[in-house]
Amino acid sequence: QVPLVESGGGLVQPGGSRTLSCAGSGGIFTINAMAWYRQAPGKRRELVAMITSDSITKYADSVKGRFTISRGNAKNTVYLQMNSLKPEDTAVYYCAVGPGDTWDYWGRGTQVTVSS
């Protein structure tokens, strides 16, 4: 199983910024899509953003204009730049890799808490 490790979570004040990172091994990153999901307490896991192998991006309406997904130069990393954070962005954020219509590999998640 390809390990995916997320980092960058933590406590941030409303209106603040945070960058999440997801690193993994294996060349599959270059031929697959990568995505960030999140799950808040009591809610279903939802897609936040995804980026295809040819760098086409897609965002949830709730984060458009505030979040940016990108691939690292090493091609085995993906980032999620989060700006203008709101309390409703509080969730566990997960990294995923796969064809794009399904996800084969998941990280264990990193907690993001937006609170004053």
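Just above sits the structure.
Please read these numbers as outputs of a predicted model, since none were measured by experiment.

Thresholds, definitions, all that
- Residues numbered from 1 in each chain as written.
- Predicted model: local features only at pLDDT ≥ 70, side-chain atom pairs only at ≥ 80, totals over all residues.
- Heavy atoms only, no water.
- Helix = DSSP H or I, 4+ residues; strand = E, 2+ residues; numbered from the N terminus.
- Rg over C-alpha atoms; globule rule 2.2 N^0.38 Å.
- Buried < 20%, exposed > 50% of the residue type's maximum accessible area, 1.4 Å probe, protein only.
- Contact = heavy atoms within 4.5 Å.
- Areas by Shrake-Rupley, 256 points an atom, 1.4 Å probe, with all protein chains shown as cover.
- Lys, Arg positive; Asp, Glu negative; His and termini not counted.
- Charge placed at Lys NZ, Arg CZ, Asp CG, Glu CD.
- Polar contact = N/O pair within 3.5 Å; in protein donor to acceptor, adjacent residues only side chain to side chain.
- Phe/Tyr/Trp six-rings, centres within 6.5 Å; stacked < 30°, edge-to-face > 60°.
- Lys NZ or Arg CZ within 6 Å of the ring centre and 35° of its normal.

J.: Where do I start with the overall build of the protein in this structure?
T.: Along its length, the protein carries zero helices and 11 strands. Going residue by residue from the N terminus, the α and β elements of the protein occur as β-β-β-β-β-β-β-β-β-β-β. For 116 residues, the compact-globule estimate of 2.2 N^0.38 gives 13 Å, and the C-alpha radius of gyration of the protein, at 13 Å, lies within 12% of that figure. Principal-axis analysis of the C-alpha atoms places the extent of the protein at approximately 40 × 25 × 25 Å. Burial statistics for the protein: of 116 residues in total, 42% are counted as buried. For the protein, long-range pairs separated by at least 24 residues make up 52% of all intrachain contacts whose partners lie at least 6 apart in sequence. Carbon and sulfur atoms make up 48% of the accessible area of the protein, which totals about 6,100 Å². Positive and negative side-chain charges of the protein, numbering 12 and 8 respectively, have mean locations separated by a distance of 4 Å.

J.: Quick question: what am I supposed to make of unusual backbone geometry here?
T.: Outside of glycine, negative phi angles account for most residues, and trans bonds account for most peptide bonds. Phi at Ser55 is positive, roughly 70°, even though this residue is not glycine. By secondary structure assignment, the location of Ser55 is in the loop between strand S5 (46-51) and strand S6 (57-59). By relative accessible area, Ser55 is classed as partly exposed at 46%. At Ser84, a position not held by glycine, the phi torsion is positive, near 50°.

J.: Looking at this structure, how should I read the side chain of Asp89?
T.: Tracing the backbone shows Asp89 in the loop between strand S8 (77-82) and strand S9 (91-98). A distance of 2.8 Å separates polar atoms of two side chains, one belonging to Asp89 and the other to Arg66. Not counting chain neighbours up to four residues away, the residues in contact with Asp89 comprise Arg38, Arg66, Phe67, Ser84, Val112 and Val114.

J.: Looking at this structure, how should I read the packing of aromatic side chains?
T.: Each pair of aromatic rings is reported with the distance of its centres and the angle of its planes. On inspection of all chains with the given rule, the structure shows two aromatic pairs. Three or more aromatic residues link up through ring pairs in this structure, and these residues are Tyr37, Trp103 and Trp106. The ring of Tyr94 has Arg45 sitting right over it, with the charged end atom 3.8 Å from the ring centre. The ring of Trp106 is capped by Arg45, whose NZ or CZ atom sits 4.8 Å from the centre of that ring.

Remember that the coordinates give geometry; whether it matters functionally is a separate question.
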